[in-house]
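The residues making up each chain are set out below.
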Amino acid sequence: MLLLVFVFLLTVSSTKEKTPEQVFATFDKNGDTFLSRVELKSTFAKYDTNRDRIVTKSEYVNFVTTNEPCVNGEIFFAAFDSNNDNKLTDDDYNAMFDSMNANSDTGISMNEHQQYMETIASTPGAFKQYCPVTEFHQDIVAVHQL
């Protein structure tokens, strides 16, 4: 449960008080309990600081470093950047959607999203060992050092 809460923090700010279900619901704009391609892409809009509809590696890493200091934004970005061009575009969002959508239906369930993000979160170095910590971050780091 704790990992799921963290995973959603990567794409939504100020979620520490929300349950994973509530956070997923903020992504799921039409309330159908699945993320569409458009809904998935929209979760990355906050990283696009210059509003050019392309999230660069530096935009993503800078945002994550500022807002989630225990997260290694480079590792997560590398997982999202399917063609390794240092920017997130429609091609990357489509590849991400296809990777998350394990049963190849029309949307991503909360479970599918969780499984995809947990895979990335289990990458060595995904969480920084030394960082400014809150009680919440201490719990996250402890989970991933097991």
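Residues numbered from 1 in each chain as written. Predicted model: local features only at pLDDT ≥ 70, side-chain atom pairs only at ≥ 80, totals over all residues. Heavy atoms only, no water.

A.B. asks: Would you mind going over helix α4 (residues 57–67) in detail, with residue names and values included?
C.D. replies: For α4, the complete set of buried residues consists of Glu59, Tyr60, Val61, Phe63 and Val64. Elements that come into contact with the buried residues of α4 comprise β1 (55–56) and α5 (73–80). (Buried < 20%, exposed > 50% of the residue type's maximum accessible area, 1.4 Å probe, protein only. Helix = DSSP H or I, 4+ residues; strand = E, 2+ residues; numbered from the N terminus. Contact = heavy atoms within 4.5 Å.)

A.B. asks: With reference to specific residues and values, describe unusual backbone geometry.
C.D. replies: Of note in the backbone geometry, threonine 33 takes a positive phi value of approximately 70 degrees without being a glycine. Mapped onto the fold, threonine 33 is located in the loop between α2 (20–27) and α3 (37–42). Non-glycine residue asparagine 84 carries a positive phi angle of around 55 degrees. Considering the arrangement of structural elements, one finds asparagine 84 in the loop between α5 and β2 (87–88).

A.B. asks: Explain the pattern of salt bridges residue by residue, including any values.
C.D. replies: Considering all chains together, one arrives at 3 salt bridges under this definition. Note that arginine 37 and aspartate 98 form a salt bridge whose closest N and O atoms lie 2.7 Å from each other. With arginine 37 in helix α3 and aspartate 98 in helix α6 (residues 90–100), this pair connects stretches of sequence that are 61 residues apart. Given the relative accessible area of 37%, arginine 37 is considered partly exposed. (Salt bridge = Lys/Arg side-chain N within 4 Å of Asp/Glu carboxyl O.)

A.B. asks: Summarise the environment of aspartate 85; cite the residues concerned and give the values.
C.D. replies: Counting through the fold element by element, aspartate 85 comes out in the loop between α5 and β2. Exposure remark for aspartate 85: the relative accessible area of 30% places this residue in the partly exposed category. Separated by 29 residues in the primary sequence, aspartate 85 and threonine 56 place their C-alpha atoms 9.0 Å from one another.

A.B. asks: Any details on the packing of α5 against helix α7 (residues 110–121)? Residues and values, ideally.
C.D. replies: Their axes nearest at 10 Å, the elements α5 and α7 cross at an angle of 130 degrees. When the interaxial angle is binned, α5 and α7 end up oblique. With respect to the hand of their crossing, α5 and α7 are arranged in right-handed fashion. Of α7, the residues touching α5 (which contributes Ile75, Phe76, Ala79 and Phe80) are Tyr116, Met117, Ile120 and Ala121. For the contact of α5 with α7, the class distribution of residues is 8 nonpolar, no polar and no charged. (Axes fitted to C-alpha atoms, helices over the stretch in contact; angles between N-to-C directions. Parallel < 35°, antiparallel > 145°, perpendicular 65-115°, else oblique. Left-handed = near helix turned anticlockwise from the far one by under 90°. Nonpolar A, V, L, I, M, F, W, Y, C, P; charged D, E, K, R; others polar.)

Just distances and angles here, no functional claims.
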